[in-house]
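Tertiary structure, described
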Amino acid sequence: MENVTYEYADKTVALNNVSIDLSKGRKIGIVGSNGAGKSTLFMNFLGIFKPSKGKVIYKDNELKYDKKSLIEFRKNVGVVFQDPDKQLFFSNVYDDIAFALRNLKYSEEEIKYRVAKAMEKTNTEGLKNKPVHFLSYGQKKNVSIAGVSTLDQSILLFDEPTAGLDYASRENIKKILNGFVEEDGKSIVVSSHDMNFIYETCDYIYVLNKGSVIAEGEGNKIFLDKKILEEASLEEPFLIKAHKYLKKPLFKSEQELFYDTSC
Amino acid sequence: MLIIDSLAYTNKFSNLNPFVKVLFSLAVIVISIANSNIYVSLVMIALVITLTLVGAQIPTSAYVKMLLAPLVFLFISILTIIFSFGFSKVAVSNFVFVKQFDFLNFYFGIPFGAFEKGIALTLRAISAIVGMYFLILTTPINQQIKVMKKFRLPSVFIELYVLTYRFIAIFFEEAGEIHMAQKMKFGYDGYSNSMHSLAILIKTLFVRIMQRYRDMEAILEIKFFDGNFYTEEG
(Lines give C-alpha, C1' and ligand atoms only; values in the text may rest on other atoms or scores of the structure.)
Protein backbone atom coordinates (compact mmCIF):
# COMPACT_ATOMS: atom_id res chain seq x y z
CA MET A 1 0.00 0.00 0.00
CA GLU A 2 1.46 3.30 -1.01
CA ASN A 3 0.93 6.85 0.08
CA VAL A 4 -2.64 6.32 1.00
CA THR A 5 -4.62 9.26 2.22
CA TYR A 6 -8.18 8.69 3.26
CA GLU A 7 -10.63 11.39 4.11
CA TYR A 8 -14.07 10.81 5.43
CA ALA A 9 -16.93 12.56 3.72
CA ASP A 10 -16.78 15.33 6.29
CA LYS A 11 -13.12 16.00 5.39
CA THR A 12 -11.74 14.46 8.53
CA VAL A 13 -8.44 13.02 7.49
CA ALA A 14 -8.31 9.51 8.89
CA LEU A 15 -5.16 8.39 7.15
CA ASN A 16 -2.45 10.74 6.03
CA ASN A 17 0.02 9.58 3.44
CA VAL A 18 0.37 6.10 4.86
CA SER A 19 2.66 3.60 3.17
CA ILE A 20 2.65 0.07 4.44
CA ASP A 21 4.37 -2.89 2.89
CA LEU A 22 2.81 -6.14 3.95
CA SER A 23 5.58 -8.24 2.45
CA LYS A 24 8.07 -7.12 5.09
CA GLY A 25 7.13 -9.94 7.42
CA ARG A 26 4.86 -12.90 7.77
CA LYS A 27 3.31 -11.55 10.93
CA ILE A 28 2.82 -7.85 10.73
CA GLY A 29 1.57 -5.86 13.66
CA ILE A 30 -0.10 -2.51 13.35
CA VAL A 31 -0.20 -0.74 16.66
CA GLY A 32 -1.79 2.52 17.55
CA SER A 33 -4.03 4.01 20.18
CA ASN A 34 -7.79 4.26 19.83
CA GLY A 35 -8.70 6.37 16.86
CA ALA A 36 -5.24 6.17 15.30
CA GLY A 37 -6.79 4.93 12.07
CA LYS A 38 -6.21 1.20 12.32
CA SER A 39 -9.70 0.17 11.28
CA THR A 40 -9.85 2.71 8.46
CA LEU A 41 -6.55 1.34 7.25
CA PHE A 42 -8.03 -2.13 7.05
CA MET A 43 -11.05 -0.89 5.16
CA ASN A 44 -8.65 0.57 2.63
CA PHE A 45 -6.63 -2.62 2.41
CA LEU A 46 -9.76 -4.51 1.55
CA GLY A 47 -11.06 -2.15 -1.05
CA ILE A 48 -14.16 -1.34 0.96
CA PHE A 49 -13.03 2.25 1.22
CA LYS A 50 -11.37 3.76 -1.78
CA PRO A 51 -8.42 5.97 -0.86
CA SER A 52 -8.85 9.64 -1.71
CA LYS A 53 -5.20 9.67 -2.74
CA GLY A 54 -2.66 6.94 -3.28
CA LYS A 55 -3.25 3.34 -4.20
CA VAL A 56 -3.35 -0.18 -2.93
CA ILE A 57 -0.97 -2.48 -4.75
CA TYR A 58 -1.33 -6.22 -4.67
CA LYS A 59 1.21 -8.48 -6.40
CA ASP A 60 2.58 -5.59 -8.47
CA ASN A 61 -0.86 -4.63 -9.72
CA GLU A 62 -2.80 -1.63 -8.62
CA LEU A 63 -6.09 -2.64 -7.05
CA LYS A 64 -9.03 -1.90 -9.30
CA TYR A 65 -12.40 -1.17 -7.78
CA ASP A 66 -14.74 -2.95 -10.16
CA LYS A 67 -16.70 -5.88 -8.84
CA LYS A 68 -14.76 -8.62 -10.57
CA SER A 69 -11.30 -7.52 -9.53
CA LEU A 70 -12.47 -6.95 -5.97
CA ILE A 71 -13.84 -10.48 -5.75
CA GLU A 72 -10.59 -11.92 -7.10
CA PHE A 73 -8.64 -9.73 -4.71
CA ARG A 74 -10.68 -10.79 -1.71
CA LYS A 75 -10.19 -14.44 -2.50
CA ASN A 76 -6.62 -13.71 -1.46
CA VAL A 77 -7.17 -11.28 1.36
CA GLY A 78 -9.56 -11.93 4.20
CA VAL A 79 -10.48 -10.07 7.34
CA VAL A 80 -11.80 -10.69 10.82
CA PHE A 81 -13.46 -7.59 12.18
CA GLN A 82 -13.38 -6.56 15.78
CA ASP A 83 -16.99 -7.10 16.69
CA PRO A 84 -17.98 -10.71 16.07
CA ASP A 85 -21.66 -9.86 16.51
CA LYS A 86 -21.54 -7.84 13.35
CA GLN A 87 -19.52 -10.39 11.50
CA LEU A 88 -21.85 -13.32 12.05
CA PHE A 89 -24.73 -13.30 9.72
CA PHE A 90 -26.52 -16.58 10.02
CA SER A 91 -27.92 -17.79 13.26
CA ASN A 92 -26.44 -21.25 13.09
CA VAL A 93 -22.72 -21.83 13.49
CA TYR A 94 -22.25 -24.28 10.65
CA ASP A 95 -24.19 -22.18 8.17
CA ASP A 96 -22.33 -19.10 9.18
CA ILE A 97 -18.91 -20.62 8.68
CA ALA A 98 -20.07 -21.98 5.33
CA PHE A 99 -21.56 -18.67 4.18
CA ALA A 100 -18.63 -17.41 2.08
CA LEU A 101 -18.00 -20.86 0.61
CA ARG A 102 -21.60 -21.17 -0.47
CA ASN A 103 -21.50 -17.74 -2.03
CA LEU A 104 -18.51 -18.88 -4.05
CA LYS A 105 -20.53 -21.96 -5.00
CA TYR A 106 -18.32 -24.67 -3.63
CA SER A 107 -19.78 -28.15 -3.67
CA GLU A 108 -21.48 -29.32 -0.50
CA GLU A 109 -18.85 -32.03 0.20
CA GLU A 110 -16.06 -29.54 -0.19
CA ILE A 111 -17.85 -27.17 2.16
CA LYS A 112 -18.31 -29.93 4.70
CA TYR A 113 -14.65 -30.77 4.56
CA ARG A 114 -13.47 -27.20 4.78
CA VAL A 115 -15.82 -26.22 7.57
CA ALA A 116 -14.73 -29.25 9.58
CA LYS A 117 -11.12 -28.26 9.11
CA ALA A 118 -11.77 -24.66 10.05
CA MET A 119 -13.62 -25.75 13.18
CA GLU A 120 -10.79 -28.02 14.18
CA LYS A 121 -8.29 -25.20 13.82
CA THR A 122 -10.34 -22.79 15.89
CA ASN A 123 -11.61 -25.20 18.55
CA THR A 124 -15.22 -24.72 17.60
CA GLU A 125 -16.13 -28.32 16.76
CA GLY A 126 -18.44 -28.59 19.73
CA LEU A 127 -20.52 -25.64 18.58
CA LYS A 128 -21.44 -26.94 15.15
CA ASN A 129 -25.23 -26.97 15.46
CA LYS A 130 -25.63 -24.27 18.05
CA PRO A 131 -27.42 -21.04 17.32
CA VAL A 132 -24.95 -18.20 17.28
CA HIS A 133 -26.66 -16.21 20.01
CA PHE A 134 -26.04 -18.88 22.62
CA LEU A 135 -22.32 -18.49 22.28
CA SER A 136 -20.10 -16.43 24.51
CA TYR A 137 -18.22 -13.48 23.09
CA GLY A 138 -15.00 -15.49 22.86
CA GLN A 139 -16.73 -18.35 21.09
CA LYS A 140 -18.30 -15.96 18.61
CA LYS A 141 -14.86 -14.58 17.91
CA ASN A 142 -13.58 -18.06 17.19
CA VAL A 143 -16.50 -18.77 14.91
CA SER A 144 -15.89 -15.57 12.96
CA ILE A 145 -12.24 -16.55 12.57
CA ALA A 146 -13.30 -20.00 11.43
CA GLY A 147 -15.55 -18.40 8.83
CA VAL A 148 -12.62 -16.54 7.35
CA SER A 149 -10.18 -19.42 7.50
CA THR A 150 -12.32 -21.65 5.29
CA LEU A 151 -11.05 -19.79 2.24
CA ASP A 152 -7.46 -20.34 1.28
CA GLN A 153 -6.56 -16.71 1.50
CA SER A 154 -2.89 -15.89 1.59
CA ILE A 155 -3.26 -12.77 3.71
CA LEU A 156 -5.55 -12.47 6.72
CA LEU A 157 -6.24 -9.23 8.50
CA PHE A 158 -7.28 -9.19 12.14
CA ASP A 159 -8.75 -6.04 13.58
CA GLU A 160 -8.25 -6.04 17.34
CA PRO A 161 -8.46 -9.82 17.67
CA THR A 162 -8.09 -9.79 21.44
CA ALA A 163 -10.30 -6.86 22.38
CA GLY A 164 -12.65 -7.81 25.18
CA LEU A 165 -11.42 -11.37 25.51
CA ASP A 166 -10.42 -13.20 28.67
CA TYR A 167 -7.00 -14.67 29.22
CA ALA A 168 -7.76 -18.17 27.96
CA SER A 169 -9.46 -16.92 24.81
CA ARG A 170 -6.54 -14.64 24.13
CA GLU A 171 -4.08 -17.49 24.41
CA ASN A 172 -6.31 -19.51 22.13
CA ILE A 173 -6.35 -16.76 19.50
CA LYS A 174 -2.58 -16.54 19.74
CA LYS A 175 -2.37 -20.25 19.02
CA ILE A 176 -4.79 -19.99 16.10
CA LEU A 177 -2.89 -17.12 14.53
CA ASN A 178 0.42 -18.90 14.89
CA GLY A 179 -1.14 -21.95 13.28
CA PHE A 180 -2.19 -19.89 10.28
CA VAL A 181 1.34 -18.70 9.74
CA GLU A 182 3.33 -21.79 10.59
CA GLU A 183 1.08 -24.58 9.35
CA ASP A 184 -0.88 -22.98 6.54
CA GLY A 185 1.76 -20.61 5.27
CA LYS A 186 -0.49 -17.57 5.41
CA SER A 187 0.61 -14.06 6.22
CA ILE A 188 -1.23 -12.26 8.95
CA VAL A 189 -1.69 -8.62 9.73
CA VAL A 190 -2.85 -7.83 13.23
CA SER A 191 -3.99 -4.47 14.46
CA SER A 192 -4.19 -3.94 18.18
CA HIS A 193 -3.15 -1.88 21.13
CA ASP A 194 -2.74 -4.97 23.24
CA MET A 195 1.03 -4.57 23.28
CA ASN A 196 1.86 -7.85 24.97
CA PHE A 197 -0.14 -9.70 22.39
CA ILE A 198 1.51 -7.92 19.49
CA TYR A 199 4.93 -8.35 21.03
CA GLU A 200 4.52 -12.10 21.27
CA THR A 201 2.77 -12.59 17.94
CA CYS A 202 4.26 -10.24 15.38
CA ASP A 203 7.69 -9.82 13.88
CA TYR A 204 7.37 -6.58 11.95
CA ILE A 205 5.66 -3.55 13.40
CA TYR A 206 4.09 -0.39 12.11
CA VAL A 207 3.22 2.30 14.62
CA LEU A 208 0.26 4.40 13.66
CA ASN A 209 -0.56 7.68 15.32
CA LYS A 210 -3.23 10.16 14.27
CA GLY A 211 -3.45 8.70 10.81
CA SER A 212 0.27 8.60 10.06
CA VAL A 213 2.93 5.95 10.36
CA ILE A 214 5.39 7.31 12.87
CA ALA A 215 7.69 4.31 12.96
CA GLU A 216 8.21 0.92 11.46
CA GLY A 217 10.67 -1.87 11.94
CA GLU A 218 11.46 -5.21 13.50
CA GLY A 219 9.56 -5.89 16.69
CA ASN A 220 12.43 -5.46 19.12
CA LYS A 221 13.65 -2.25 17.61
CA ILE A 222 10.26 -0.61 17.91
CA PHE A 223 9.37 -1.89 21.33
CA LEU A 224 12.66 -0.90 22.90
CA ASP A 225 12.15 2.67 21.76
CA LYS A 226 10.15 4.17 24.53
CA LYS A 227 9.86 7.55 22.84
CA ILE A 228 7.95 6.19 19.89
CA LEU A 229 5.57 4.24 22.07
CA GLU A 230 4.90 7.22 24.27
CA GLU A 231 4.19 9.42 21.31
CA ALA A 232 1.62 6.91 20.14
CA SER A 233 0.12 6.59 23.66
CA LEU A 234 1.13 2.96 23.89
CA GLU A 235 2.45 0.86 26.72
CA GLU A 236 5.72 -1.00 26.71
CA PRO A 237 5.15 -4.74 26.56
CA PHE A 238 5.68 -6.56 29.83
CA LEU A 239 8.68 -8.53 28.61
CA ILE A 240 10.35 -5.37 27.40
CA LYS A 241 9.86 -3.86 30.84
CA ALA A 242 11.31 -6.99 32.41
CA HIS A 243 14.28 -6.67 30.14
CA LYS A 244 14.86 -2.97 30.55
CA TYR A 245 14.11 -2.43 34.19
CA LEU A 246 14.68 -5.83 35.76
CA LYS A 247 17.71 -6.60 33.66
CA LYS A 248 16.31 -9.90 32.44
CA PRO A 249 17.33 -11.17 29.03
CA LEU A 250 14.91 -10.23 26.26
CA PHE A 251 12.43 -13.04 25.80
CA LYS A 252 9.80 -13.55 23.18
CA SER A 253 7.22 -15.16 25.44
CA GLU A 254 6.36 -15.21 29.12
CA GLN A 255 7.05 -18.90 29.49
CA GLU A 256 10.63 -18.38 28.47
CA LEU A 257 11.01 -15.78 31.16
CA PHE A 258 9.63 -17.92 33.94
CA TYR A 259 11.32 -21.13 32.91
CA ASP A 260 14.62 -19.48 32.44
CA THR A 261 16.95 -20.76 35.14
CA SER A 262 19.95 -18.67 34.33
CA CYS A 263 18.79 -15.69 36.32
CA MET B 1 -30.47 -11.43 18.86
CA LEU B 2 -34.21 -11.57 18.74
CA ILE B 3 -36.18 -13.71 21.14
CA ILE B 4 -38.20 -15.21 18.31
CA ASP B 5 -34.92 -16.26 16.76
CA SER B 6 -33.70 -18.10 19.82
CA LEU B 7 -37.10 -19.67 20.38
CA ALA B 8 -37.12 -20.86 16.79
CA TYR B 9 -33.96 -22.82 17.53
CA THR B 10 -34.83 -24.19 20.93
CA ASN B 11 -38.45 -25.23 20.62
CA LYS B 12 -39.49 -28.86 20.43
CA PHE B 13 -40.50 -28.60 16.77
CA SER B 14 -37.24 -27.00 15.70
CA ASN B 15 -35.89 -30.06 13.92
CA LEU B 16 -39.16 -31.10 12.34
CA ASN B 17 -39.46 -31.10 8.58
CA PRO B 18 -39.73 -27.41 7.65
CA PHE B 19 -42.15 -28.13 4.79
CA VAL B 20 -44.70 -29.55 7.19
CA LYS B 21 -44.45 -26.49 9.41
CA VAL B 22 -44.66 -24.01 6.57
CA LEU B 23 -47.57 -25.79 4.92
CA PHE B 24 -49.40 -26.05 8.22
CA SER B 25 -49.07 -22.33 8.90
CA LEU B 26 -49.99 -21.43 5.36
CA ALA B 27 -53.07 -23.63 5.61
CA VAL B 28 -54.05 -21.99 8.89
CA ILE B 29 -53.64 -18.53 7.39
CA VAL B 30 -55.56 -19.35 4.22
CA ILE B 31 -58.40 -21.01 6.10
CA SER B 32 -58.59 -18.06 8.51
CA ILE B 33 -58.98 -15.65 5.66
CA ALA B 34 -61.49 -17.74 3.74
CA ASN B 35 -63.60 -18.80 6.68
CA SER B 36 -66.13 -16.51 8.35
CA ASN B 37 -67.66 -18.95 10.79
CA ILE B 38 -66.90 -17.89 14.36
CA TYR B 39 -66.81 -21.44 15.72
CA VAL B 40 -64.38 -22.69 13.11
CA SER B 41 -62.11 -19.76 13.92
CA LEU B 42 -62.33 -20.45 17.64
CA VAL B 43 -61.46 -24.11 17.21
CA MET B 44 -58.55 -23.25 14.96
CA ILE B 45 -57.15 -20.62 17.32
CA ALA B 46 -57.37 -23.05 20.22
CA LEU B 47 -55.70 -25.77 18.20
CA VAL B 48 -52.80 -23.64 16.96
CA ILE B 49 -52.17 -22.08 20.36
CA THR B 50 -52.15 -25.51 21.98
CA LEU B 51 -49.74 -26.77 19.37
CA THR B 52 -47.45 -23.79 19.92
CA LEU B 53 -47.51 -23.83 23.71
CA VAL B 54 -47.83 -27.54 24.50
CA GLY B 55 -46.42 -29.07 21.35
CA ALA B 56 -43.50 -26.79 20.62
CA GLN B 57 -43.26 -25.70 24.29
CA ILE B 58 -42.90 -22.02 23.63
CA PRO B 59 -42.92 -20.27 27.05
CA THR B 60 -46.43 -18.96 27.72
CA SER B 61 -45.37 -15.57 29.08
CA ALA B 62 -43.26 -14.78 26.03
CA TYR B 63 -46.07 -15.91 23.78
CA VAL B 64 -48.71 -13.81 25.51
CA LYS B 65 -46.47 -10.76 25.35
CA MET B 66 -45.94 -11.33 21.66
CA LEU B 67 -49.65 -11.68 21.01
CA LEU B 68 -50.53 -8.55 22.96
CA ALA B 69 -48.69 -6.22 20.61
CA PRO B 70 -50.80 -6.88 17.51
CA LEU B 71 -53.93 -7.30 19.63
CA VAL B 72 -53.76 -3.69 20.78
CA PHE B 73 -53.80 -2.50 17.19
CA LEU B 74 -56.47 -4.98 16.33
CA PHE B 75 -58.66 -3.84 19.18
CA ILE B 76 -58.45 -0.20 18.13
CA SER B 77 -59.35 -0.93 14.53
CA ILE B 78 -62.18 -3.24 15.53
CA LEU B 79 -63.70 -0.45 17.64
CA THR B 80 -64.02 1.68 14.54
CA ILE B 81 -65.80 -1.14 12.77
CA ILE B 82 -68.25 -1.92 15.56
CA PHE B 83 -69.13 1.66 16.35
CA SER B 84 -70.45 4.02 13.76
CA PHE B 85 -72.01 7.45 13.61
CA GLY B 86 -74.43 9.46 11.52
CA PHE B 87 -75.84 12.96 11.37
CA SER B 88 -79.51 12.24 10.79
CA LYS B 89 -82.18 9.97 12.18
CA VAL B 90 -82.48 8.21 8.77
CA ALA B 91 -78.82 7.40 8.57
CA VAL B 92 -78.92 5.61 11.88
CA SER B 93 -82.30 3.89 11.38
CA ASN B 94 -80.77 0.41 11.33
CA PHE B 95 -78.61 0.99 14.42
CA VAL B 96 -79.09 -1.53 17.21
CA PHE B 97 -77.85 0.87 19.78
CA VAL B 98 -78.07 4.63 19.39
CA LYS B 99 -76.97 7.47 21.51
CA GLN B 100 -77.81 10.97 20.48
CA PHE B 101 -75.53 13.90 21.16
CA ASP B 102 -77.15 17.32 21.09
CA PHE B 103 -74.01 18.85 19.80
CA LEU B 104 -74.23 18.99 15.96
CA ASN B 105 -77.14 16.53 15.99
CA PHE B 106 -74.68 13.76 16.25
CA TYR B 107 -75.75 10.09 16.47
CA PHE B 108 -73.43 7.47 17.75
CA GLY B 109 -74.06 3.73 17.96
CA ILE B 110 -73.72 0.19 16.73
CA PRO B 111 -75.23 -0.60 13.31
CA PHE B 112 -77.15 -3.81 12.79
CA GLY B 113 -74.82 -6.75 12.38
CA ALA B 114 -71.69 -4.73 13.07
CA PHE B 115 -71.00 -6.44 16.35
CA GLU B 116 -71.08 -9.92 14.80
CA LYS B 117 -68.97 -8.68 11.93
CA GLY B 118 -66.44 -7.18 14.33
CA ILE B 119 -66.14 -10.38 16.34
CA ALA B 120 -65.75 -12.52 13.23
CA LEU B 121 -63.11 -10.18 11.89
CA THR B 122 -61.22 -10.18 15.18
CA LEU B 123 -61.18 -13.95 15.34
CA ARG B 124 -60.14 -14.18 11.74
CA ALA B 125 -57.22 -11.83 12.35
CA ILE B 126 -56.19 -13.64 15.53
CA SER B 127 -56.18 -17.02 13.89
CA ALA B 128 -54.07 -15.68 11.03
CA ILE B 129 -51.68 -14.14 13.55
CA VAL B 130 -51.28 -17.32 15.58
CA GLY B 131 -50.74 -19.21 12.34
CA MET B 132 -47.95 -16.82 11.39
CA TYR B 133 -46.49 -17.01 14.90
CA PHE B 134 -46.49 -20.76 14.71
CA LEU B 135 -44.27 -20.50 11.67
CA ILE B 136 -41.79 -17.94 12.97
CA LEU B 137 -41.57 -19.51 16.40
CA THR B 138 -40.94 -23.06 15.27
CA THR B 139 -38.95 -22.59 12.09
CA PRO B 140 -35.43 -21.15 12.12
CA ILE B 141 -34.69 -18.72 9.31
CA ASN B 142 -32.42 -21.07 7.36
CA GLN B 143 -35.22 -23.63 7.20
CA GLN B 144 -37.55 -20.93 5.97
CA ILE B 145 -35.09 -20.03 3.23
CA LYS B 146 -34.88 -23.67 2.23
CA VAL B 147 -38.64 -23.90 1.83
CA MET B 148 -38.87 -20.63 -0.09
CA LYS B 149 -36.16 -21.89 -2.43
CA LYS B 150 -38.03 -25.12 -2.97
CA PHE B 151 -41.15 -23.19 -3.90
CA ARG B 152 -38.99 -21.24 -6.36
CA LEU B 153 -39.72 -17.85 -4.91
CA PRO B 154 -37.61 -15.18 -6.64
CA SER B 155 -34.25 -14.66 -4.99
CA VAL B 156 -34.93 -10.93 -4.67
CA PHE B 157 -37.86 -11.75 -2.44
CA ILE B 158 -35.81 -14.16 -0.31
CA GLU B 159 -33.03 -11.62 -0.01
CA LEU B 160 -35.45 -8.95 1.11
CA TYR B 161 -37.05 -11.36 3.55
CA VAL B 162 -33.80 -12.40 5.17
CA LEU B 163 -32.37 -8.90 5.34
CA THR B 164 -35.59 -7.57 6.83
CA TYR B 165 -35.59 -10.35 9.38
CA ARG B 166 -31.97 -9.55 10.26
CA PHE B 167 -32.70 -5.86 10.47
CA ILE B 168 -35.59 -6.27 12.85
CA ALA B 169 -33.12 -7.96 15.16
CA ILE B 170 -30.55 -5.19 14.71
CA PHE B 171 -33.21 -2.56 15.31
CA PHE B 172 -34.27 -4.07 18.62
CA GLU B 173 -30.69 -4.66 19.73
CA GLU B 174 -29.71 -1.06 19.17
CA ALA B 175 -32.91 0.38 20.60
CA GLY B 176 -32.50 -1.81 23.68
CA GLU B 177 -28.91 -0.70 24.19
CA ILE B 178 -29.67 2.99 23.86
CA HIS B 179 -32.70 2.69 26.13
CA MET B 180 -30.68 0.89 28.77
CA ALA B 181 -27.91 3.48 28.66
CA GLN B 182 -30.41 6.32 29.03
CA LYS B 183 -32.28 4.58 31.81
CA MET B 184 -29.07 4.17 33.79
CA LYS B 185 -28.57 7.91 33.56
CA PHE B 186 -32.09 8.66 34.81
CA GLY B 187 -33.28 9.56 31.33
CA TYR B 188 -36.74 8.20 31.97
CA ASP B 189 -37.46 9.81 35.34
CA GLY B 190 -40.49 11.97 34.87
CA TYR B 191 -42.50 12.95 31.84
CA SER B 192 -40.34 15.69 30.34
CA ASN B 193 -37.16 13.69 30.79
CA SER B 194 -38.81 10.73 29.13
CA MET B 195 -39.95 12.73 26.15
CA HIS B 196 -36.53 14.28 25.76
CA SER B 197 -34.79 10.91 26.03
CA LEU B 198 -37.19 9.32 23.61
CA ALA B 199 -36.46 12.01 21.03
CA ILE B 200 -32.74 11.41 21.38
CA LEU B 201 -33.29 7.68 21.24
CA ILE B 202 -35.08 7.92 17.92
CA LYS B 203 -32.43 10.16 16.46
CA THR B 204 -29.55 8.02 17.69
CA LEU B 205 -31.28 4.88 16.61
CA PHE B 206 -31.50 6.17 13.06
CA VAL B 207 -27.82 7.06 12.93
CA ARG B 208 -26.78 3.79 14.49
CA ILE B 209 -28.88 1.71 12.19
CA MET B 210 -27.36 3.42 9.19
CA GLN B 211 -23.95 2.57 10.65
CA ARG B 212 -24.95 -1.05 11.24
CA TYR B 213 -26.25 -1.19 7.71
CA ARG B 214 -22.87 -0.06 6.39
CA ASP B 215 -21.05 -2.59 8.56
CA MET B 216 -23.32 -5.31 7.34
CA GLU B 217 -22.82 -4.28 3.75
CA ALA B 218 -19.05 -4.51 4.17
CA ILE B 219 -19.31 -7.96 5.69
CA LEU B 220 -21.64 -9.26 3.03
CA GLU B 221 -19.27 -7.91 0.42
CA ILE B 222 -16.26 -9.57 1.98
CA LYS B 223 -18.09 -12.84 2.16
CA PHE B 224 -18.87 -12.66 -1.54
CA PHE B 225 -22.62 -12.23 -1.14
CA ASP B 226 -24.20 -12.00 -4.58
CA GLY B 227 -27.86 -11.52 -3.79
CA ASN B 228 -28.60 -15.18 -3.23
CA PHE B 229 -28.73 -16.96 0.07
CA TYR B 230 -27.44 -20.43 -0.56
CA THR B 231 -28.53 -23.25 1.67
CA GLU B 232 -27.43 -26.85 1.83
CA GLU B 233 -29.03 -28.06 -1.39
CA GLY B 234 -27.51 -25.27 -3.42
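How each quantity is defined
Residues numbered from 1 in each chain as written. Chains lettered and ligands numbered in written order. Predicted model: local features only at pLDDT ≥ 70, side-chain atom pairs only at ≥ 80, totals over all residues. Heavy atoms only, no water. Pairing = 2+ DSSP bridges. Helix = DSSP H or I, 4+ residues; strand = E, 2+ residues; numbered from the N terminus. Axes fitted to C-alpha atoms, helices over the stretch in contact; angles between N-to-C directions. 1 Å grid on protein atoms, 1.4 Å probe; cavity = no way out; pocket = protein on both sides within 12 Å on 5 of 7 lines; lining within 4 Å. Points joined across faces, edges and corners; volume = space filled by probe spheres on them. Buried < 20%, exposed > 50% of the residue type's maximum accessible area, 1.4 Å probe, protein only. Arc of directions from axis to C-beta. Contact = heavy atoms within 4.5 Å. pLDDT = per-residue confidence, 0-100. Phe/Tyr/Trp six-rings, centres within 6.5 Å; stacked < 30°, edge-to-face > 60°. Lys NZ or Arg CZ within 6 Å of the ring centre and 35° of its normal. Right-handed = clockwise from strand over helix to strand, strands pointing away.

1. Here's the deal with the sheet that holds strand S9 (residues 187–192) of chain A
All names here are of chain A. Taken in spatial order, the six strands of this open sheet run S7-S8-S9-S3-S10-S11, and their pairing is mixed. At either margin of the open sheet sits one strand with a lone partner, and together these are strand S7 (77–80) and strand S11 (212–218). With strand direction ignored, the average angle separating the axes of adjacent strands in the sheet is 15 degrees. As paired elements, strand S3 (residues 27–31) and strand S10 (residues 204–209) share four bridges and run parallel to each other. Across the sheet, Gly-29 pairs through a bridge with Ile-205, a residue of S10.

2. Focus on the layout of surface pockets
Empty space within the largest pocket amounts to approximately 740 Å³. In terms of lining residues, the largest pocket is bounded by 25 residues, among which Met-43 and Lys-86 of chain A together with Gln-211, Arg-214 and Asp-215 of chain B are the most central. Looking at the lining of the largest pocket, the elements that each hand over two or more residues are helix H1 (38–45) and helix H3 (84–87) of chain A together with helix H7 (155–184) and helix H8 (191–222) of chain B. Per element, the largest residue contribution to the lining of the largest pocket is nine residues, and it comes from H8 of chain B.

3. Let's talk about the pairing of S10 of chain A
All names here are of chain A. With respect to burial, S10 is a largely interior element, six of its six residues being buried. By the alternation rule, side chains of S10 split into Tyr-204, Tyr-206 and Leu-208 and Ile-205, Val-207 and Asn-209, which are all buried. As judged from the six bridges shared by S10 and S11, these two strands associate in the antiparallel manner. Paired with Asn-209 across the two strands is Ser-212, which belongs to S11. Hairpin geometry of S10 and S11 is characterised by an intervening segment of two residues between the two adjacent antiparallel strands and by a positive phi of about 45 degrees at Lys-210.

4. Points about helix H2 (residues 67–74) of chain A
For H2 of chain A, the complete set of buried residues consists of Leu-70, Phe-73 and Arg-74 of chain A. Burial along H2 of chain A is one-sided: seen end-on, the buried residues are contained in an arc of 90 degrees. Where H2 of chain A is buried, its residues touch H1, strand S5 (57–58) and S7 of chain A together with H8 of chain B.

5. Topic: the confidence of the model for chain B
Averaged over every residue, the pLDDT of chain B is 83; the share at 70 or more is 94%. We note a pTM of 0.73 for the whole complex and an ipTM of 0.72 for its interfaces.

6. Observations concerning the packing of aromatic side chains
Applying the stated criterion across every chain yields a total of 11 aromatic pairs over all chains. With centroids separated by 6.3 Å and ring planes inclined at 20 degrees, the aromatic side chains of Phe-158 of chain A and Phe-180 of chain A adopt a geometry described as stacked. Here Phe-158 of chain A is found in strand S8 (residues 155–159), whereas its partner Phe-180 of chain A is found in helix H7 (residues 167–182), with 22 residues between them in sequence. Residue Phe-158 of chain A shares its accessibility class with Phe-180 of chain A, and that shared class is buried. Here a set of aromatic residues connected by ring pairs shows up, and it is made of Phe-13, Phe-24 and Phe-134 of chain B. One Lys or Arg, Lys-186 of chain A, reaches over the ring of Phe-180 of chain A and ends 5.9 Å from the middle of that ring.

7. Some points on the pairing of S9 of chain A
All names here are of chain A. For S9, a buried count of six out of six residues is recorded, marking the element as mostly surrounded by other parts of the structure. Burial along S9 is two-sided: the face carrying Ser-187, Val-189 and Ser-191 and the face carrying Ile-188, Val-190 and Ser-192 are both buried. Both S3 and S9 contribute to a ladder of five bridges, which runs parallel. When the sheet's bridge partners are listed, Ile-28 is paired in S9 with Val-189. Two elements, S8 and S9, share five bridges in a ladder whose sense is parallel. Pairing of Ile-155 across the sheet is with Ser-187, part of S9. Read as a crossover between parallel neighbours, the route from S8 over H7 to S9 is right-handed.

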